[in-house]
Amino acid sequence: QVQLVESGGGSVQPGGSLRLSCAASGSILSINDMGWYRQAPGKQREPVASIISGYRTNYADSVKGRFTISRNSAKNTLNLQMNSLKPEDTAVYYCYADQPSRGRSWGQGTQVTVSS
């Protein structure tokens, strides 16, 4: 299976930026799709952004135009550039990787807090 480790979370003021990274290791050759979810306190985990088949990107309506997902296959990393952050973006962000034969793997999550 794949091991995923997120980094880059932290605290920022509204309007600020953060860049999350997710490092993949283990059985990475069969990874198809990757993406990010987030979970705010008291809420269900929700999709944020994904990369399908290595190039097609999808975004939640709430982050379109502010977040950019990218994947560096050579470095086995997934990134999420988050600009114009809002208090409602506060959540734990999780990356995932899908493998046809092994299903979905999740990282441990990284906290993002947007507050003045």
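Everything numeric here is computed off the predicted structure, so don't read it as measured data. (Residues numbered from 1 in each chain as written. Predicted model: local features only at pLDDT ≥ 70, side-chain atom pairs only at ≥ 80, totals over all residues. Heavy atoms only, no water.)

**Observations regarding the environment of Ala40**
Applied cut-off: Put simply, DSSP H or I for four residues or longer makes a helix, DSSP E for two residues or longer makes a strand, and each gets a number counted from the N terminus. Residues are treated as being in contact if the distance between any of their heavy atoms lies within 4.5 Å.
Tracing the chain through its elements places Ala40 in the loop between strand 4 (34-39) and strand 5 (46-52). If we ignore the near neighbours within four places in the chain, the residues touching Ala40 are Thr90 and Ala91.

**Focus: the confidence of the model for the protein chain**
Close reading of the predicted structure is inappropriate where its pLDDT is low. The test is simple: Summary of the metric used: pLDDT quantifies the predictor's per-residue confidence within the range 0 to 100.
Per-chain confidence: the protein chain averages 94 in pLDDT, with 100% of residues scoring 70 or above. Highest mean pLDDT in the protein chain belongs to strand 11 (residues 110-114) (98); lowest belongs to strand 10 (residues 103-106) (94).

**With respect to unusual backbone geometry**
Although it is not a glycine, Asn76 sits at a positive phi angle of roughly 55 degrees. Notably, Ser84 is not glycine yet its phi reads approximately 50 degrees, a positive angle. Summarising the element assignment, Ser84 is placed in the loop between strand 8 (77-82) and strand 9 (91-99).

**Digging into the nonpolar core**
Generally speaking, soluble globular proteins have nonpolar side chains that are buried together. This is how the line gets drawn: Grouping buried Ala, Val, Leu, Ile, Met, Phe, Trp, Tyr and Cys residues that are joined through side-chain atoms within 4.5 Å yields what is termed a nonpolar core. Exposed residues in this analysis have more than 50% of their type's maximum accessible area, buried residues have under 20%, and partly exposed residues fall in between, with area computed by a 1.4 Å probe over protein chains only.
Grouped together as the largest cluster of nonpolar side chains are 28 residues, with contacts concentrated most on Trp36, Leu80, Met82 and Tyr93. Looking at this core, the elements that each hand over two or more residues are strand 1 (2-7), strand 3 (18-26), strand 4, strand 5, strand 7 (67-72), strand 8, strand 9 and strand 11. Apart from the residues lying within four places of it in its own chain, the contact partners of Tyr93 are Glu6, Leu20, Trp36, Tyr37, Arg38, Val48, Phe67, Leu80, Met82, Gly109, Thr110 and Val112.

**Details of the sheet that holds strand 1**
Note the threshold: Note: two strands are recorded as paired if DSSP finds a minimum of 2 bridges between them. Fitted lines through C-alpha atoms serve as axes, helices being fitted only where they are in contact, and the angles separating the N-to-C directions of these axes extend from 0 to 180 degrees.
A sheet is described by the order of its strands in space; here four strands give the open sequence 1-3-8-7, paired in antiparallel fashion. In the strand order of this sheet, the two ends are held by strand 1 and strand 7, each with one partner. The mean angle between the axes of side-by-side strands here comes to 15 degrees, regardless of whether they run parallel or antiparallel.

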